[in-house]
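Each chain is listed here by its residues.
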Amino acid sequence: MILHKITEVREKIKEWKKEGLTIGLIPTMGALHAGHKSLIDKSVEKCDRTVVSVFVNPIQFCPGEDLDKYPRTLDKDNELCEQSNVDIVFAPTPKEMYGEGHILSNDFLTYVIPPYFYVNKLCGKSRVGHFDGVCTVVNKLFNIVQPDFAFFGEKDAQQLIIIKKMVKDLNIPIEIIPCPIVREPSGLALSSRNKYLKEEQKEYAVALSKILFNIKSCYKKGITDTNALLETAYTYLTPNHNLEYLEFCDENTLEGKSTADDNTRVFIAVKIGDVRLIDNILLK
Ligand code: PAF
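Being a predicted model, the structure only gives us computed values, none of them experimental. (Residues numbered from 1 in each chain as written. Predicted model: local features only at pLDDT ≥ 70, side-chain atom pairs only at ≥ 80, totals over all residues. Heavy atoms only, no water.)

*Asks:* Just give me the short version of the packing of aromatic side chains, but keep the residues and values in it.
*Replies:* The description of two aromatic rings rests on the distance between their centres and on the angle between their planes. For the coordinates displayed, the defined rule picks out four aromatic pairs. When the ring of Phe 61 is compared with that of Tyr 70, the centres are 5.9 Å apart and the planes differ by 75°; the resulting orientation is edge-to-face. One exposure class covers both Phe 61 and Tyr 70, and it is buried. Both rings, one in Phe 142 and one in Phe 152, keep their centres 6.4 Å apart while their planes meet at 75°; by these two values the pair is edge-to-face. Within this pair, whereas Phe 142 is found in helix α7 (residues 130-145), its partner Phe 152 is found in strand β5 (residues 149-153), the two being separated by 10 residues in sequence. Directly above the ring of Phe 117 sits Lys 121, whose terminal nitrogen or CZ lies 3.5 Å from the centroid. (Phe/Tyr/Trp six-rings, centres within 6.5 Å; stacked < 30°, edge-to-face > 60°. Buried < 20%, exposed > 50% of the residue type's maximum accessible area, 1.4 Å probe, protein only. Helix = DSSP H or I, 4+ residues; strand = E, 2+ residues; numbered from the N terminus. Lys NZ or Arg CZ within 6 Å of the ring centre and 35° of its normal.)

*Asks:* Which residues make up the site of the ligand, and what values go with them?
*Replies:* Taken together, Pro 27, Thr 28, Met 29, Asn 57, Gln 60, Val 134, Val 137, Phe 152, Asp 156 and Gln 159 make up the full set of residues adjacent to the ligand. Taking Gln 60, its side chain carries an N or O atom lying 2.6 Å from an oxygen atom of the ligand. The separation between an oxygen atom of the ligand and a polar side-chain atom of Gln 159 is 2.7 Å. Compared with its free state, where it exposes 290 Å², the ligand has 89% of that area covered by protein. (Near = heavy atom within 4 Å. Polar contact = N/O pair within 3.5 Å; in protein donor to acceptor, adjacent residues only side chain to side chain. Areas by Shrake-Rupley, 256 points an atom, 1.4 Å probe, with all protein chains shown as cover.)

*Asks:* Can you break down the sheet that holds strand β7 (residues 242-250) residue by residue, with the values?
*Replies:* One open sheet holds the three strands; their spatial order is β7-β8-β9, and the pairing between them is antiparallel. Two strands lie at the open edges of the sheet, namely β7 and β9 (275-282), each paired on one side alone. Direction aside, the axes of adjacent strands within the sheet are offset by 15° on average. Strand contacts of helix α9 (residues 199-220): β7, β8 (264-272) and β9, with the helix running at about 20° to β9, the strand carrying the most contacts. (Pairing = 2+ DSSP bridges. Axes fitted to C-alpha atoms, helices over the stretch in contact; angles between N-to-C directions. Contact = heavy atoms within 4.5 Å.)

*Asks:* With reference to specific residues and values, describe the packing of α7 against helix α8 (residues 157-169).
*Replies:* Relative orientation of the contacting elements α7 and α8 amounts to 55°, with a least axis distance of 11 Å. Considering their axes alone, α7 and α8 lie oblique with respect to each other. For the pair α7 and α8, the sense of crossing is right-handed. Residue-level contacts link Phe 131, Val 134, Cys 135, Val 138, Asn 139 and Phe 142 of α7 to Gln 158, Gln 159, Ile 162, Ile 163, Met 166 and Val 167 of α8. For the contact of α7 with α8, a count of residues per class yields nine nonpolar, three polar and no charged. (Parallel < 35°, antiparallel > 145°, perpendicular 65-115°, else oblique. Left-handed = near helix turned anticlockwise from the far one by under 90°. Nonpolar A, V, L, I, M, F, W, Y, C, P; charged D, E, K, R; others polar.)

Shown next as structure tokens:
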């Protein structure tokens, strides 16, 4: 069932809560793929009821980013959700979520701002304000749906770590369930933004996972100096790869690491043409 209004969702949630049912939420921006499907399946298995939100959240896009061209495929998304036994697809408009007015201005909205230390690196460095927009919308979705469990993909690991921190710091009574990255046979991590890749660019895109897998295999062979591990990446990079970052961070605090250990997550972002791709791997 697709619902577009917050009040309609609230009514349904009230009924479910009265019946003592557990609720799982999968927040998404739509263009659902097998990665999302794995989150949905986990929720359907674990919870009595599952809600998928489909909302291209304007306040998490920076000026000049792909807000307008971000793929919007609600009918197809709804089909996938129906086939997967999702109970509600919540697809609000920006107006429903943020009201009238200048939604890109802080003057019109109370924001949830994650700690500076978590956002001054990796994607937060080039996407200034992005995680404020993510935390704000996720908080709103949590309050609208009031789930017991919320499912997030490890593909956006910085986002997941920041959301876990927000939930802990603000005592939000929701358990966050991290779900592993789903990859194509080539190793390419599934992402709605892969739709932007032309066939020849897809071949270059495989470098991200190759770099990460190779770093992990070097680590498993005993190399822990992150500078040495970093060097191994260069064999996979061509002039078609514009490396934005390749960093080694603590899995929970995002602190930079000079010596890798089992709690180290390696994060990479590369631009291929004007398509920006991210990926990551835990060394454990
Ligand atoms: O990961 C995403 O798709 C988005 O950042 C999220 C969590 C749905 C918030 O808009």
